[in-house]
Amino acid sequence: MRIVRGLVRHEARLWTSLALWATRRTHGTDGGRAFGYARGQGATMAGLVVVCAVETFGMAVLLREWPVAHRVVLALDVYTVLLVVGLHAAGVVRPHVLTPDALRVRQGVHVDLRIPLEALRAVRRETRITHRPAEGELDLAVGSQTSVTLELRTPVAHVPLLGRPREVGVVRLHADDARALVGALTRARTGPSPSPDPPG
């Protein structure tokens, strides 16, 4: 039952993301600074949509003698295209969000992880292409790449879409502007520099 609820929730969030994307709005960014990460997946998603469209045309030709089967396959193909677009839309409208006390790390509708700034031990730009699954680490690659590494002094709980919660102490993520995200995180952790004393 838990899995069914998770899938239904995932589906609802995808459709919500499509609606937000169509109206040029974002989700959960009020009161914080947004950092996008979906730019690197746009070409891949566009390619998948084209492949789906070609497949839809091909199946329409093959099934032209069987109208019922044609309608069923057409409905499935349209749903698949909307699903692919929804996945991209979710990445666009659900960016990472930096607030005064935490970084909200997201990846579409699959991951939504709140990391308190006080839990961060180290933040650095680090481009990684190869990611080997490891205990206590979470890799959120976009286009097989991560560009920011967060090391935590206090592990946080990550709840996968269908899996069991687990503690993570290292989070690798992608940001379209990794330099800006690392700089903003560094400033947020250290606080504003003191203003110089006025001349006597």
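Data block above holds the structure.
Described below are features of the structure shown in this document. Please read these numbers as outputs of a predicted model, since none were measured by experiment. (Residues numbered from 1 in each chain as written. Predicted model: local features only at pLDDT ≥ 70, side-chain atom pairs only at ≥ 80, totals over all residues. Heavy atoms only, no water.)

**What about the overall build of the chain?**
Stated formally: Secondary structure is summarised from DSSP: a helix means a run of H or I of at least four residues, a strand means a run of E of at least two, and numbering begins at the N terminus for each. Each radius of gyration is computed over the set of C-alpha atoms, and the globule rule expresses the reference value as 2.2 Å times the number of residues to the power 0.38. By the convention used here, residues are in contact when the closest approach between their heavy atoms is within 4.5 Å. Reported accessibility uses the Shrake-Rupley method at a 1.4 Å probe radius. Residues are deemed covered only where the shown protein chains occlude them.
Each helix and strand in the chain was counted, giving four helices and eight strands. The linear arrangement of helices and strands in the chain, starting from the amino end, is α-β-α-α-β-β-β-β-β-β-β-α. Against the compact-globule benchmark of 16 Å for 200 residues, the chain has a radius of gyration of 21 Å, which places it well outside the compact range. In terms of overall dimensions, the chain has a C-alpha envelope of 90 × 40 × 30 Å along the principal axes. Sequence-distant contacts in the chain: of pairs separated by 6 or more residues, those separated by 24 or more amount to 68%. Carbon together with sulfur atoms contributes 60% to the accessible area of the chain, which is approximately 12,100 Å² in total.

**Examining unusual backbone geometry**
Stated precisely, the cut-off is as follows: Relative accessible area decides the class of each residue, using a 1.4 Å probe on protein chains only: under 20% of the type maximum gives buried, over 50% gives exposed, and in between gives partly exposed.
Residues other than glycine seldom take positive phi values, yet Arg24 does so here, at roughly 60°. Here Arg24 shows up in the loop between helix H1 (2-22) and strand S1 (33-35). Its relative accessible area of 79% is what places Arg24 among the exposed residues. In this model, Ser144 sits at a positive phi of 65°, which is unusual for a non-glycine residue.

**Considering the pattern of salt bridges**
Short version of the rule: Put simply, a salt bridge is a Lys or Arg side-chain nitrogen that is within 4 Å of an Asp or Glu carboxyl oxygen.
Going through the model one piece at a time under the given rule, you end up with nine salt bridges. In this structure, Asp112 and Arg104 form a salt bridge, with 2.7 Å as the shortest nitrogen-oxygen distance. Residue Asp112 is classed as partly exposed on the basis of its relative accessible area of 44%. By relative accessible area, Arg104 is classed as partly exposed at 25%. As a salt-bridge pair, Arg172 and Glu137 come within 2.9 Å of each other at their nearest N and O atoms. Of this pair, Arg172 sits in strand S8 (residues 166-173) while Glu137 sits in strand S6 (residues 137-140), and the two are 35 residues apart along the sequence. Taking relative accessible area as the criterion, Glu137 reaches 22% and is therefore assigned partly exposed. Salt bridges linked by common partners bring Arg121, Arg124, Glu126, Arg128 and Glu151 together as one network.

**Some words on the sheet that holds S6**
Selection criterion: Only strands that DSSP links by at least two bridges are regarded as paired with each other. The angle between two axes is taken between their N-to-C directions and runs from 0 to 180 degrees, where each axis is a line fitted to C-alpha atoms and a helix contributes only its stretch in contact.
Taken in spatial order, the four strands of this open sheet run S5-S7-S8-S6, and their pairing is mixed. Both outer strands of the open sheet, strand S5 (120-128) and S6, are each paired with one neighbouring strand and no more. Averaged over all adjacent pairs, the angle separating strand axes in this sheet is 30°, with direction ignored. Inspection of the sheet shows S5 paired to strand S7 (residues 146-158) by six bridges, in the antiparallel sense.

**Comments concerning the nonpolar core**
Here is the rule we go by: Buried Ala, Val, Leu, Ile, Met, Phe, Trp, Tyr and Cys residues form a nonpolar core when they are joined through side-chain atoms within 4.5 Å.
In this structure, Val105, Leu113, Ile115, Leu150, Val171 and Leu185 are the most contacted members of the largest nonpolar core, which totals 26 residues. Residue contributions to this core peak at six residues, all from helix H4 (residues 178-190). Discounting residues that sit within four places of it in the chain, Leu113 has contacts with Leu103, Arg104, Val105, Leu138, Val156, Ala157, His158, Val168 and Val171.

**A closer look at H4**
Residue pairs three or four apart in sequence face the same way in an α-helix, which turns once every 3.6 residues. How we decide: The span expected for a helix works out to 1.5 Å for each residue beyond the first.
The end-to-end C-alpha separation of H4 is 18 Å, in line with the 18 Å expected for 13 residues at 1.5 Å each. Among the residues of H4, those classed as buried are Ala178, Ala180, Leu181, Val182, Gly183, Ala184 and Leu185. Summarising the contacts, the buried residues of H4 are in contact with S1, strand S2 (96-98), strand S3 (102-107), S5, S7 and S8.

**Re helix H3 (residues 67-93)**
When the terminal C-alpha atoms of H3 are compared, their 38 Å separation across 27 residues agrees well with the 39 Å that a helix rising 1.5 Å per residue should span. For H3, the full list of buried residues reads Val73, Asp77, Val84, Gly86, His88, Ala89, Ala90, Gly91 and Val93.

**Side note on the packing of helix H2 (residues 42-62) against H3**
Condition: Under this scheme an angle from 65 to 115 degrees is roughly perpendicular, one under 35 degrees roughly parallel, and one over 145 degrees roughly antiparallel; angles in between are oblique. Residues were grouped as follows: Ala, Val, Leu, Ile, Met, Phe, Trp, Tyr, Cys and Pro as nonpolar; Asp, Glu, Lys and Arg as charged; and all remaining residues, including Gly, as polar.
Across the interface, H2 lies against H3 with an axial gap of 10 Å and an inter-helix angle of 175°. One way to sum up the angle between H2 and H3 is to call them roughly antiparallel. Contact residues: H2 offers Gly42, Met45, Leu48, Val49, Cys52, Glu55, Thr56, Met59 and Ala60, while H3 offers His70, Val73, Leu74, Asp77, Thr80, Val81, Val84, Val85, Leu87 and His88. Its residues placed into classes, the contact of H2 with H3 shows twelve nonpolar, five polar and two charged.

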